[in-house]
Amino acid sequence: MAEPKNATAPIKIMETAGTKAYCQCGWSEILPYCDGAHSRMATGCSPIVCEVPADGKKSICQCRLSATLPWCDGAHKQLNPPPAAPASA
Ligand code: FES
């Protein structure tokens, strides 16, 4: 069985103004948008429905750790810490 998508980086898009439904279950085939898969897969999740006031660049959270869902706040960086610097001699 396939796995839900749970990326460790946001999806960056040029969004258009209007009402949007952003996927929170990770099963959508049209990420970052909901395609109803959360119901078909009985995930218990619901999309985040929000109003985008104007066209513009958006970073849509995909790790689901952001405190500002559906927008990325950089929380995914705790999942991908940068490599440790080499020890100095
Ligand atoms: S398809 Fe994922 S929340 Fe709807």
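The structure we're discussing is the one just above.
Caption draft 1: The arrangement of the overall build of the protein chain in detail. In terms of helices and strands, the protein chain carries 1 helix and 4 strands. Listed N to C, the secondary structure of the protein chain is β-β-α-β-β in terms of helices and strands. Among the 89 residues that make up the protein chain, the fraction classed as buried is 31%. Of all intrachain contacts in the protein chain linking residues separated by at least 6 positions in sequence, the fraction that spans at least 24 positions is 52%. Carbon and sulfur atoms make up 58% of the accessible area of the protein chain, which amounts to about 5,700 Å² in all.

Caption draft 2: Representation of the environment of Arg 64 in the model. Along the polypeptide, Arg 64 turns up in the segment after β4 (56-60). Taking the C-alpha atoms as reference points, Arg 64 and Ala 75, 11 residues apart in sequence, are found 8.6 Å from one another. Other than its neighbours up to four places away in sequence, Arg 64 contacts Lys 5, Asn 6, Gln 24, Cys 25, Gly 26 and Leu 69. Looking at Arg 64, its side chain comes within polar contact range of the main-chain oxygen of Gln 24, at 2.6 Å. Separated by 2.9 Å, the side chain of Arg 64 and the backbone oxygen of Gln 62 make a polar contact.

Quick notes on the rules
Residues numbered from 1 in each chain as written. Predicted model: local features only at pLDDT ≥ 70, side-chain atom pairs only at ≥ 80, totals over all residues. Heavy atoms only, no water. Helix = DSSP H or I, 4+ residues; strand = E, 2+ residues; numbered from the N terminus. Buried < 20%, exposed > 50% of the residue type's maximum accessible area, 1.4 Å probe, protein only. Contact = heavy atoms within 4.5 Å. Areas by Shrake-Rupley, 256 points an atom, 1.4 Å probe, with all protein chains shown as cover. Polar contact = N/O pair within 3.5 Å; in protein donor to acceptor, adjacent residues only side chain to side chain.

Taken by themselves, the reported measurements are silent on function.
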